[in-house]
Protein chains: 2
Amino acid sequence: MTSVATAQDLRAEQRTFDILALVRVAFAEKGFDGASMQDLARAAGMSVGNFYRYFPSKAAIVEQLIAHDLAEMEGHFAEIMTSPFPLLTLKQQVALQIQLHQECVDGQIWAEITAAALRKPEIAQAADRMEASITANLMQVFARETGLPLAEITKRFQSHASYIVLLVKAASMQAPRAPEARDALNTLILNTIDQMLAEVARASLKVK
Amino acid sequence: MTSVATAQDLRAEQRTFDILALVRVAFAEKGFDGASMQDLARAAGMSVGNFYRYFPSKAAIVEQLIAHDLAEMEGHFAEIMTSPFPLLTLKQQVALQIQLHQECVDGQIWAEITAAALRKPEIAQAADRMEASITANLMQVFARETGLPLAEITKRFQSHASYIVLLVKAASMQAPRAPEARDALNTLILNTIDQMLAEVARASLKVK
DNA sequence: GAAAGGGAAGTGAACGTTCATTCATTTCTT
DNA sequence: AAGAAATGAATGAACGTTCACTTCCCTTTC
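So, here's what we can say about the structure.

## Quick word on the packing of aromatic side chains
All names here are of chain A.
- Under the definition given, this model contains 6 aromatic pairs over all chains.
- Measuring from centroid to centroid gives 5.5 Å for Phe 51 and Phe 55, while their planes differ by 40°, and the two rings are tilted.
- When the ring of Phe 142 is compared with that of Phe 157, the centres are 6.4 Å apart and the planes differ by 85°; the resulting orientation is edge-to-face. Highlighted residues: Phe 142 in helix H7 (residues 121–146) and Phe 157 in helix H8 (residues 150–172), separated in sequence by 15 residues. One exposure class covers both Phe 142 and Phe 157, and it is buried.
- Just above the ring of Tyr 54 sits the side chain of Arg 53; from NZ or CZ to the centre is 5.6 Å.

## Some points on the protein's contact with DNA strand D
- Around DNA strand D there are 15 residues in total, and Asn 50 and Tyr 54 of chain A together with Met 37, Tyr 52 and Lys 58 of chain B lie nearest to it.
- In DNA strand D, atoms within 4 Å of the protein come 67% from sugar and phosphate.
- One nitrogen or oxygen atom from the side chain of Arg 15 of chain A is found 3.3 Å from a phosphate oxygen belonging to DNA strand D.
- The separation between a sugar or linking oxygen of DNA strand D and a polar side-chain atom of Asn 50 of chain A is 3.0 Å.
- Residues of the surface near DNA strand D, tallied by class, amount to 6 nonpolar, 6 polar and 3 charged.

How each quantity is defined
- Residues numbered from 1 in each chain as written.
- Chains lettered and ligands numbered in written order.
- Predicted model: local features only at pLDDT ≥ 70, side-chain atom pairs only at ≥ 80, totals over all residues.
- Heavy atoms only, no water.
- Phe/Tyr/Trp six-rings, centres within 6.5 Å; stacked < 30°, edge-to-face > 60°.
- Helix = DSSP H or I, 4+ residues; strand = E, 2+ residues; numbered from the N terminus.
- Buried < 20%, exposed > 50% of the residue type's maximum accessible area, 1.4 Å probe, protein only.
- Lys NZ or Arg CZ within 6 Å of the ring centre and 35° of its normal.
- Near = heavy atom within 4 Å.
- Polar contact = N/O pair within 3.5 Å; in protein donor to acceptor, adjacent residues only side chain to side chain.
- Nonpolar A, V, L, I, M, F, W, Y, C, P; charged D, E, K, R; others polar.

Structure (structure tokens):
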């Protein structure tokens, strides 16, 4: 009764998806507060009036944007979990994500979310949900890799997961630099992440 | 001729300093774009008209705010350089700064600067100046500690310095968490920083 | 010491612009 | 024909900035 998805609903959902991708660029260029509804509608290729048929308010767009990113993130983790060597796949994914975020507007968006989360409670909640989801997924990966119970993994490595999230975010938000400087910095960051993951892996070796 | 500082000038400068401290809170609460001139003037305890006697525009306030932070930073480094064990003092200062930033509005302001720097070239320049100053100072500390020439230090450890800056910034910008989670995360961050500094120190041991 | 002058400090209403949001209307799609 | 999709002008509030004006404080003059 509640979720009878008609073809129309699906099409509308897809449309919203597409609009979010376009709007993201406008937000990246002007910031959440700096981008006007005119800017956003123009970026989406439609009039202001029609734009309001898809989002009830400006604040709602931001929330849906974050929710969209969360869904994408969970998709990546689904891939990782189906891989035969989750920790290794995770490591590769992280390196790839950092690279991708740096060369598109994602880093910009995350900087905006980070700043906004510190002043607007609703955005803080959305960002918290995102972080909680990622760390929970990381706990799953760690548990799968080590064979240890989720409770123990959580107790010992939750902060490791938070640290990895912090590092990936910080790496994404970096201002552009000379390629060699950027690569050197990325290497250091990835080294730290590897170290964190190695500590997790070491926990499983004791069992073996 | 150019810089005959009258008592009046000094008083005005001090006033600007005080206003910046007040305005910082308003910016932290509403963001650079979100805070209106009315908000800022109210935070400074004066009328809008009078506020414009101290700053020619909203953009100018932000630039002066960053310049102010840069000056403060350089003051800290001056202290560090006069210490008998610069690297040790640096380590303590970093731990202290992270703690201080987390419990006042500084982290909020840095999140705002980070986001704004990615879209506004003037702010990007100001932020670059800040990063360049900090890394240059770190190079001085490293050179002093290891006895190696500045050129070699720069070649080998510039990225280490950038990484330390990134970590301190990221730590400051963290959303509030449960105390034990925050402490665990801070420990991991400080461990990484210690590691970077240890690598620098190791370079000097070879000489001894 | 009182009066007068002058410039800094401070005010808040006013200006033109832009903002988020609404809605009567038109154009597509089926 | 009917409902979904799309338009853009209209609305009132809020924006950054300006400005004519008042108040304060200190120096000079008598």
